[in-house]
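# Per-entry structural report
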Amino acid sequence: MIVFKENIYKKIQKELSKNPEFECGGILGKCENCITAFEYDKTGSNKSKNIYFPDVETLNVILKTWEKENINFCGFVHNHPNGSAELSNGDINFALKIINNFDNIDDLLMGIYVVTPDCKNNNLVWYLVRKDKVDKIYPDIIK
Ligand SMILES: [Zn+2]
């Protein structure tokens, strides 16, 4: 079971709703099974309407700081300005590339912030990508 700290969940919603027309996103970090960190990817975001390319160099710096705080990188979250609640093939391939390249990563949490036309019903959906399957998951949110 994956659990989010409420303040982190709100931070994700806040950051990703700032620019609903462009793809933007960030990385997620956890302690045990609780997501306790989210870093908005300023430089990787807002470059395209169709795809979010993380800024790997900048994010690597964040990951190093997280390591010192015992926070483990566990996934990505990005918005879909087109309103699709599904992971694209590109999203899945991107996740698999990471899983296949890092021995210590068996699965990746992939969140999508689904943008609705009026922006009033935007919501977050979550998937857990493993080597052999992708599952939709429903995380808990705790204070
Ligand atoms: Zn996507």
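Given the structure is predicted, the values throughout are model-derived calculations rather than measurements.

## Focus: the pairing of strand β5 (residues 107-114)
In terms of burial, β5 is largely enclosed, as six of its eight residues are buried. Strand direction decides the pairing type here: strand β4 (residues 72-80) and β5, joined by six bridges, are parallel. Directly across from H80, in β5, lies its bridge partner V114. Two strands pair when backbone bridges link them, and β5 and strand β6 (residues 123-130) are joined in this way by eight bridges, in the antiparallel orientation. Counterpart to D107 in the pairing with β6 is R130.

## Describing the nonpolar core
Soluble globular proteins: nonpolar side chains tend toward being buried together. In this structure, L28 and M110 are the most contacted members of the largest nonpolar core, which totals 24 residues. Counting residues per element, the ones that place at least two in this core are α1 (6-16), β2 (25-31), β3 (34-40), β4, α3 (89-101), β5 and β6. At five residues, the largest contribution of residues to this core is made by β5. The contact partners of M110, leaving out residues within four places of it in the chain, are G75, F76, L87, D91, A95, Y127 and V129.

## Side note on α1
Along α1, the residues classified as buried are I12, E15 and L16. What you see down the axis of α1 is that its buried residues fit within an arc of 90°, all on one side. Relative to its buried face, α1 has exposed residues pointing more than 90 degrees away, namely E6, N7 and K14.

## Focus: the pairing of β2
Counting buried positions along β2 gives six out of seven residues, so the element sits mostly inside the fold. As defined by bridge partners, β2 adjoins β4 across six bridges and the pair is classed as antiparallel. Looking at the pairing, I27 lines up with F76 of β4. Looking at chain direction, β2 and β3 are connected through six bridges and run antiparallel. Residue pairing for β3: G29 is matched across the bridge by A37. Where β2 hands over to β3, the hairpin turn is made up of two residues, of which E32 adopts a positive phi near 55°.

## Looking at the sheet that holds β6
Ordered by their spatial adjacency, eight strands build an open sheet running β7-β6-β5-β4-β2-β3-β1-β8, and the pairing between neighbours is mixed. Unpaired on one side and paired on the other, β7 (134-137) and β8 (140-142) mark the two borders of the sheet. In this sheet, neighbouring strand axes are inclined to one another by 35° on average, regardless of whether the strands run parallel or antiparallel. Each of β1 (3-5), β2, β3, β4, β5, β6 and β8 touches α1; the most contacted strand, β3, lies at about 25° to it. Against the sheet, helix α2 (residues 56-68) contacts β2, β3 and β4, and its axis sits at roughly 15° relative to β2.

## Here's the deal with unusual backbone geometry
With phi around 55°, E32 is a residue other than glycine that occupies positive phi space. Relative to the helices and strands, E32 resides in the loop between β2 and β3. One non-glycine residue, N70, lies in positive phi territory at about 60°. The topology assignment puts N70 in the loop between α2 and β4. Of the residues examined, N70 has 11 C-beta atoms within 10 Å and is grouped as exposed.

What counts and how
- Residues numbered from 1 in each chain as written.
- Predicted model: local features only at pLDDT ≥ 70, side-chain atom pairs only at ≥ 80, totals over all residues.
- Buried ≥ 20, exposed ≤ 12 C-beta atoms within 10 Å, placed from the backbone.
- Helix = DSSP H or I, 4+ residues; strand = E, 2+ residues; numbered from the N terminus.
- Pairing = 2+ DSSP bridges.
- Core = buried A, V, L, I, M, F, W, Y, C linked by C-beta atoms within 7 Å.
- Contact = placed C-beta atoms within 7 Å.
- Arc of directions from axis to C-beta.
- Axes fitted to C-alpha atoms, helices over the stretch in contact; angles between N-to-C directions.

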